[in-house]
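Structural overview for review
Residue-level listing of the chains:
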Amino acid sequence: MIGSTGFIPKSLVTVLALVWLAAVPMAQAIPLGTPLEFDSQEQREQYNKLVRELRCTVCQSETLHESQAALAGDMRRRIYDMTRSGASGDEVVDFLVQRYGDYVRYRPPLQANTLLLWGSPFLALMAGGVIWWRVVRRRRALLSDEALSDADRDALERFRRGE
Amino acid sequence: MTPKILLPFAGVLAVLGLFYLGLQVDSRELPSPLIDRPAPAFELQSLTEPDRTLTEQDFIGEVALVNVFASWCSSCWAEHSNLVELERRGITIHGLNYRDERPAALRYLRRGGNPYTHIAFDPRGDAGMEWGVYATPETFLLDANGRIRHKHVGPLDAQVIREEFLPRIEQLTAEAAS
């Protein structure tokens, strides 16, 4: 944006940006796209799985894996540190749930207050089944109706003739 | 026949009603799992006295507010005068200076006044994570035993203070005295 204003040469902007970056103290948070080292493939997989299953609590429709928020960086750092020091995936999730609540999980646990959430697809399926069954039953009832009576035929014949 | 024709309309109205209720829900305010739990531990420098180490024990001992703030947070600034007013009325407030820089935070306090008894300086958000902080300003209410009894996310305006905090402070102070 700044480079496109034309007032400041692009090279100067680059230099300023580099100076600024160097002046920023080493933040603890892990910015997006930082290459990370792990002791084992399992640790890498656990980290990659966790950051995709946990929610950034500031920007609530993003996972930690995709969020730019500072808090998400802090949370990624905590998950990374815990993973490297040997914590299991469940331990990491518990740690964050104890502090931020179940909301950090994109995969909500099945418990009393989430029963409706988990049950809603089945409820919708059942409601659909009931409606379907009733429609079918009504149509079947129509089929089994008696054929037209003689009086009906007479009436139709009169309509056809335009009387 | 008429009632059956009305059925789809009733269905649509019901769904619209749900949407309308959904709009009223403030999805930013999450229920904190820390309510009724002891104040989480931390060990940080004091913002105002860098030589001094503060822990959660410094926040505990009387009914007190713990306010999470930062100089870069505009809604913190919006509530600041209310905190000063609360302190003037004798309510103890401790501060957690969250992901901030010391000079900026000190300037902020010089401009707005310092209502805080102790301020823990948390530039990396370590204590913030222990306290489940996700959106400054946040304000916790501690009872005299250091248990978190209430949490508010967002600025403390007059209505929040009157409805959420003053009655609880009064009740907890009475509990502590008995």
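What you see as residue numbers is a count from 1 along each chain, following the sequence as written. Labels follow written order: the first chain is A, the first ligand is 1, and so on. For a predicted model such as this one, the threshold for reporting local features is a pLDDT of at least 70, and the threshold for listing and counting side-chain atom pairs is 80 or more; totals across whole chains, interfaces and linings nevertheless cover every residue. Side-chain metrics in this entry use all non-hydrogen atoms of the structure; hydrogen atoms and water are not considered.

What chain A contains, in helices and strands, is six helices and zero strands. In chain A, the succession of helices and strands from N to C terminus is α-α-α-α-α-α. Each residue is placed in one exposure class: buried if its accessible area under a 1.4 Å probe, protein chains only, is under 20% of its type's maximum, exposed if it is over 50%, and partly exposed if it falls in between. For chain A, the residues scored as buried account for 26% of the 163 residues in total. To be clear on the numbers: accessible area is Shrake-Rupley with a 1.4 Å probe, and residue cover counts the displayed protein chains and nothing else. Looking at chain A as shown, the accessible area adds up to about 12000 Å², and 61% of this sits on carbon and sulfur atoms. Under the scheme used here, helices are H or I runs from DSSP no shorter than 4 residues and strands are E runs no shorter than 2 residues, and both carry numbers assigned from the N terminus.

It is worth spelling out the state of the cysteines at this point. Note on terminology: disulfide describes a covalent bond linking the sulfur atoms of two cysteines. Residue and element names in this part refer to chain B. Note on terminology: pairs of cysteine sulfur atoms within 2.5 Å are recorded as disulfides. Evaluated as defined, the whole model comprises one disulfide over all chains. The disulfide partner of Cys-73 is Cys-76, and the gap between their sulfur atoms is 2.1 Å. Residues Cys-73 and Cys-76 are joined through a disulfide that is right-handed, its torsion about the S-S bond being 90°. Look at Cys-73 and you get buried, because its relative accessible area is 4%. With relative accessibility at 1%, the residue Cys-76 sits in the buried group.

Looking now at helix H2 (residues 74–88) of chain B. Residue and element names in this part refer to chain B. Here H2 is 15 residues long and its end C-alpha atoms lie 22 Å apart, about the 21 Å a rise of 1.5 Å per residue gives. Axes are fitted to the seven residues ending at a residue and to the seven starting at it; the angle between these axes is taken as the bend at that residue. Most pronounced at His-80, the bend in H2 amounts to some 35°. Trailing H2 by a residue or two, Gly-90 shows a phi angle of about 95°, which is positive. Here, expected helix span is obtained from the residue count minus one, scaled by 1.5 Å.

As a further point, take the pairing of strand E3 (residues 64–69) of chain B. Taken residue by residue, a regular strand's side chains alternate between the two faces of the sheet. Residues and elements named next belong to chain B. Burial analysis of E3 places six of its six residues in the buried class, which makes it a mostly covered element. Side chains of E3 alternate between two faces, with Ala-64, Val-66 and Val-68 and Leu-65, Asn-67 and Phe-69 buried alike. Between any two strands, pairing holds if DSSP finds at least two bridges. Bridge analysis of E3 against strand E4 (residues 92–98) gives six bridges, and the strand direction is parallel. From the neighbouring strand, Phe-69 faces E4, where its bridge partner is Asn-97. Orient the strands so they point away from the viewer, and a crossover whose first-strand-to-second-strand path over the helix runs clockwise is right-handed. With respect to chirality, the unit in which E3 leads through H2 into the neighbouring parallel E4 is right-handed. Pairing between E3 and strand E6 (residues 138–142): five bridges, direction antiparallel. Residue pairing across strands places Asn-67 opposite Thr-139, the latter belonging to E6.

Attention now goes to the pairing of strand E5 (residues 119–122) of chain B. Residues and elements named next belong to chain B. The side-chain alternation of E5 yields two buried faces, one formed by Ile-119 and Phe-121 and the other by Ala-120 and Asp-122. When strand E1 (residues 43–46) meets E5, the two strands line up antiparallel, connected through two bridges. Looking at the pairing, Ser-46 lines up with Ala-120 of E5. Handedness of the crossover joining E4 and E5 through helix H3 (residues 102–112) is recorded here as right-handed.

Turning to the confidence of the model for chain A, a few remarks are in order. Residue and element names in this part refer to chain A. Looking at any residue, its pLDDT shows the predictor's confidence there, from 0 to 100. Residues at a pLDDT of 70 or more form 81% of chain A, whose mean pLDDT is 82. For chain A, per-element mean pLDDT is lowest for helix H1 (residues 10–23), which scores 55, and highest for helix H2 (residues 41–53), which scores 94. Segment residues 1–6 is flagged for pLDDT under 50; beyond a separation of four residues in sequence, or across chains, it makes five contacts in the model. Contacts for the low-pLDDT stretch residues 21–27, under 50 throughout, to residues beyond four places or in other chains number zero contacts. Working rule for contacts: check all heavy atoms of both residues, and any pair within 4.5 Å makes them a contact.

As defined here, a cavity is a set of points on a 1 Å grid over the protein atoms alone where a 1.4 Å probe fits but cannot get out. A pocket is an open set with protein on both sides within 12 Å along at least five of seven lines, and residues line them when an atom is within 4 Å of a point. Grid points are joined across faces, edges and corners, and a volume is the space filled by probe spheres set on the points. Scanning the model with the defined rule gives one cavity of 30 Å³ or more in all. Space inside the largest cavity adds up to approximately 40 Å³. Gly counts as polar in this scheme, as do all residues outside two lists: the nonpolar Ala, Val, Leu, Ile, Met, Phe, Trp, Tyr, Cys and Pro, and the charged Asp, Glu, Lys and Arg. The residue makeup of the lining of the largest cavity, split by class, is five nonpolar, two polar and two charged.

Moving on to the interface of chain B and chain A. Counting residues at the interface gives 19 residues for chain B and 19 residues for chain A. Carbon and sulfur atoms supply 48% of the area that chain B and chain A bury against each other, a total of about 1700 Å² over both sides. The working definition used for a salt bridge is a side-chain nitrogen of Lys or Arg within 4 Å of a carboxyl oxygen of Asp or Glu. Linking chain B with chain A are three salt bridges. In this structure, Asp74(A) and Arg99(B) form a salt bridge, with 2.4 Å as the shortest nitrogen-oxygen distance. Between N or O atoms, a polar contact is any pair within 3.5 Å; within protein, one atom must be a potential hydrogen donor and the other a potential acceptor, and residues adjacent in sequence are included only when both atoms are from side chains. Joining chain B to chain A, the criterion identifies four residue pairs in polar contact (both at pLDDT 80 or more). Residue contributions to the side of chain B that touches chain A peak at four residues, all from helix H4 (residues 126–130) of chain B. Its residues placed into classes, the side of chain B that touches chain A shows eight nonpolar, four polar and seven charged. Two parts placed together each lose some accessible area under a 1.4 Å probe, and adding up what both lose gives the buried area.

Residue and element names in this part refer to chain B. On the basis of which strands lie adjacent, the open sheet formed by seven strands has the order E2-E1-E5-E4-E3-E6-E7 and mixed pairing. The sheet is open, and its two edges are formed by strand E2 (53–55) and strand E7 (148–153), each paired on a single side. Along the sheet, successive strands turn relative to each other by an average axial angle of 30°, direction set aside. Across three bridges, the pairing between E1 and E2 is antiparallel. Among the inter-strand pairings, Leu-44 is bridged to a residue of E2, identified as Leu-54. Only the stretch in contact is used when fitting a helix axis, every axis being a line fitted to C-alpha atoms; angles between N-to-C directions are given from 0 to 180 degrees. In the packing of H2 onto the sheet, contacts are made with E3, E4 and E6, and the angle to E3 comes to roughly 160°.

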